[in-house]
Amino acid sequence: MPRLKTRTADPPALIGWREKVSLPALAIGTIFAKIDTGARTAALHATDIRVTGGRVEFTVVVKGRRHHCNLPLKGERRVKSSSGHSAARAMVETEVAIGQHRFSIEVTLTDRTDMGVPMLLGRASLGGRFLVHPARTQILSAKKRKTKS
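What you see is a predicted model, and the numbers here were worked out from it, not measured in a lab. Every chain is numbered on its own, with residues counted from 1 as its sequence reads. Where local features are concerned, this predicted model is filtered to residues with pLDDT of at least 70; where side-chain atom pairs are given and counted, the filter is 80 or more; whole-chain, interface and lining totals use all residues. Heavy atoms from the whole structure form the basis of all side-chain values; hydrogens and water molecules are not counted.

Draft legend 1. Spotlight on the overall build of the protein chain. Summing up its helical and strand segments, the protein chain has 1 helix and 12 strands in all. Counting from the N terminus, the helices are DSSP H or I runs at least four residues long and the strands are E runs at least two residues long. Listing the helices and strands of the protein chain from first to last along the sequence gives β-β-β-β-β-β-β-β-β-β-β-α-β. Exposure categories follow from relative accessible area, calculated using a 1.4 Å probe and restricted to protein chains: below 20% of the type maximum is buried, above 50% is exposed, and the middle band is partly exposed. Within the span of the protein chain, comprising 149 residues, buried residues form 35% of the whole. In what follows, residue pairs with any heavy atoms lying within 4.5 Å of each other are defined as contacts. Look at the contacts in the protein chain between residues 6 or more apart in sequence, and 54% of them connect residues 24 or more apart. Surface accessibility in these figures is a Shrake-Rupley result with a 1.4 Å probe; residues are shielded only by whichever protein chains are displayed. Surface summary for the protein chain: the accessible area is close to 9,900 Å², and the carbon and sulfur share equals 50%.

Here it is in structure tokens:
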């Protein structure tokens, strides 16, 4: 009797608790993101957030350079911060790239000045694609190695 071939989904990729990511639609280069399975959504550090006519204008500062961004407004989401305060945030949809992985995520915009990293990726953003290693960083976005001269 012939064996049935079962198709299995690709196993999740291993990712560190902190990775370098890029947001190609924003053209801001790479930034660090904390991978936080305790958080549900993704959040990006943004200032000067203005919602006008179905679009969101905001500023992202990377390495001292101000990037003025403009994306369609996906909606507004009420988010409870780690300190327990609930606030409504503008939400956009954009592509994120981590290593060779590229996929679309929903991101809320907020001031993350005191958070250490400019972006947080929650479990809904990861979509079962990754397994998080809690003790390692930059598994998919490998650190640049210094070459000996």
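Draft legend 2. Structural context of the packing of aromatic side chains. In this scheme Phe, Tyr and Trp rings, the latter by its six-membered ring, pair at centre separations within 6.5 Å, and the angle between planes marks the pair as stacked below 30 degrees, edge-to-face above 60, and tilted otherwise. This model, assessed by the stated rule, comprises 1 aromatic pair. Where Phe-103 meets Phe-130, the ring centres are 5.8 Å apart and the plane angle is 45 degrees; that geometry is what we call tilted. Taken together, the residues Phe-103 in strand E10 (residues 101-110) and Phe-130 in strand E12 (residues 130-133) connect sequence positions 27 residues apart. The class for Phe-130 is buried, based on a relative accessible area of 9%. The side chain of Arg-129 reaches across the aromatic face of Phe-103, ending 4.0 Å from its centre. Both a distance and an angle decide whether a charge sits over a ring: NZ of Lys or CZ of Arg must be within 6 Å of the ring centre and within 35 degrees of the ring normal.

Draft legend 3. Region of the structure containing the nonpolar core. By nonpolar core we mean a set of buried residues, namely Ala, Val, Leu, Ile, Met, Phe, Trp, Tyr and Cys, connected to one another through side-chain atoms within 4.5 Å. Of all hydrophobic cores here, the largest spans 30 residues; its most connected members are Leu-44, Phe-58, Met-119 and Leu-121. Broken down by secondary-structure element, the contributors of at least two residues to this core are strand E1 (13-16), strand E3 (30-36), strand E4 (42-45), strand E6 (55-62), strand E7 (65-72), strand E9 (86-98), E10 and strand E11 (119-122). Apart from the residues lying within four places of it in its own chain, the contact partners of Phe-58 are Leu-26, Leu-44, Ala-46, Thr-47, Asp-48, Ile-49, His-67, His-68, Cys-69, Leu-71 and Leu-109.

Draft legend 4. The arrangement of the pattern of salt bridges in detail. Counted as salt bridges are all cases of a side-chain nitrogen of Lys or Arg within 4 Å of a carboxyl oxygen of Asp or Glu. All told, the structure shown has 6 salt bridges when counted by the stated rule. Put simply, Glu-106 and Lys-74 hold a salt bridge, and the shortest N to O gap is 3.3 Å. With Glu-106 in strand E10 and Lys-74 in the loop between E7 and strand E8 (75-80), the pair connects residues that are 32 residues apart, well separated along the chain. Residue class for Glu-106 comes out partly exposed when judged on its relative accessible area of 28%. In the salt-bridge network here, residues are joined through shared partners; they are Lys-74, Arg-77, Glu-93 and Glu-106.

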